[in-house]
Amino acid sequence: MTHTVNTPPEALTKGDFTEVAEPFQLFAEWLADATEKEINDPNAVAVATVDDSGLPNVRMVLLKDFDERGFVFYTNLESAKGRELLSAGKAAMCFHWKSLRRQVRVRGLVTQVSPEEADEYYKSRPRGSRIGAWASKQSRPLESRFALEKEVARYTAKFGIGDIPRPDHWSGLRIVPVEIEFWHDRPFRLHDRVKFTRASEGEAWTKARLYP
């Protein structure tokens with residue numbers, strides 16, 4: 001079952017999360033809680049990568065979808081982020097919901113979503129955001145703000161009031177997890193930590209509690 005981030009999952013049974021046997025259902029519950037409690041962007045997540053030299057990099061993105069296949073966000077594939085993700089083929093994510101005192105860490109492999117998935121999400125974006133995907137040479141040097149605005153104007157005129165196709169360089173990436181760790185704050189820093197691991201996609205999950 002696919003969980004669209006903009007539509008919170010139905011309320012799930014509450015209880016001791018350390019007893020849960022499957023991570024995606026637990027993540028759906030925690031994201032639903034965050035959607036109700038977090039002031040801004042409950043789907044914000046830090047994505048960590050490495051460049052060709054092995055130097056790490058991290059930035060915030062917005063999770064747009066998730067299901068048993070993994071966690072999806074969209075980007076310019078020619079950006080630093082896109083190049084590093086596709087080159088290394090692996091990445092890590094960290095969700096932190098301060099109001100709930102919860103954190104989820106994910107490590108896994110990177111795959112690109114299908115063109116059909118990318119097209120469907122791209123069409124749902126505001127028109128200005130679709131223009132921006134064409135106008136912005138993400139991560140590359142920009143001589144001035146005016147140069148960016150000029151590109152926006154150029155593509156606005158090019159597409160007029162017609163359809164704006166998805167650029168080939170803009171698509172979605174899915175992190176397919178092999179590790180998902182859940183952390184919940186407890187008094188005196190005696191936090192609850194549970195880590196789910198599997199050898200590869202489709203394999204059964206193994207669960208272990210961790211010292212805080």
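All of these numbers come straight from a predicted model, not from anything done at the bench.

(A) Representation of the environment of Ser53. Looking at the secondary structure, you find Ser53 in the loop between β2 (44-50) and β3 (56-62). Among the polar contacts made by the side chain of Ser53, one reaches the main-chain amide nitrogen of Leu55 at a distance of 3.4 Å.

(B) Structural view of the nonpolar core. Ranked by size, the top nonpolar core spans 32 residues in total, and within it Phe27, Phe71, Met93, Phe95, Trp97, Val104 and Phe182 carry the most contacts. Here the element with the most residues in this core is helix α1 (residues 23-37); it accounts for seven residues. Each residue touching Phe95, except ones within four places of it in the same chain, is listed here: Phe27, Asn43, Ala44, Val45, Leu63, Phe71, Arg102, Gln103 and Val104. Within the second largest apolar cluster, 13 residues are counted, among which are Val113, Tyr122, Ala135 and Ile164.

(C) Up close: the packing of helix α4 (residues 127-135) against helix α5 (residues 145-159). Their axes nearest at 9 Å, the elements α4 and α5 cross at an angle of 115 degrees. Our classification of the angle between α4 and α5 gives roughly perpendicular. Crossing of α4 against α5: the hand is right-handed. Across the interface between the two elements, Arg127, Ile131, Trp134 and Ala135 of α4 pack against Leu148, Glu151, Val152, Tyr155, Thr156 and Phe159 of α5. For the contact of α4 with α5, the class distribution of residues is seven nonpolar, one polar and two charged.

(D) Seen up close, the pattern of salt bridges. Taken as a whole and assessed by the stated rule, the structure comprises 15 salt bridges. Salt-bridge contacts for Arg105 lead to Glu181; the nearest nitrogen and oxygen are separated by 2.9 Å. Here Arg105 is found in strand β7 (residues 102-112), whereas its partner Glu181 is found in strand β8 (residues 170-184), with 76 residues between them in sequence. Between Glu181 and Arg193 there is a salt bridge, and its shortest N-O distance comes to 2.8 Å. Separated by 12 residues along the polypeptide, Glu181 in strand β8 and Arg193 in strand β9 (residues 192-197) bring together distant segments of the chain. Each of the salt bridges in this network shares a partner with another, and the network as a whole consists of Asp67, Arg69, Glu117 and Arg174.

Criteria and cut-off values
- Residues numbered from 1 in each chain as written.
- Predicted model: local features only at pLDDT ≥ 70, side-chain atom pairs only at ≥ 80, totals over all residues.
- Heavy atoms only, no water.
- Helix = DSSP H or I, 4+ residues; strand = E, 2+ residues; numbered from the N terminus.
- Polar contact = N/O pair within 3.5 Å; in protein donor to acceptor, adjacent residues only side chain to side chain.
- Core = buried A, V, L, I, M, F, W, Y, C linked by side-chain atoms within 4.5 Å.
- Buried < 20%, exposed > 50% of the residue type's maximum accessible area, 1.4 Å probe, protein only.
- Contact = heavy atoms within 4.5 Å.
- Axes fitted to C-alpha atoms, helices over the stretch in contact; angles between N-to-C directions.
- Parallel < 35°, antiparallel > 145°, perpendicular 65-115°, else oblique.
- Left-handed = near helix turned anticlockwise from the far one by under 90°.
- Nonpolar A, V, L, I, M, F, W, Y, C, P; charged D, E, K, R; others polar.
- Salt bridge = Lys/Arg side-chain N within 4 Å of Asp/Glu carboxyl O.

Purely spatial values, then, with no claim about function.
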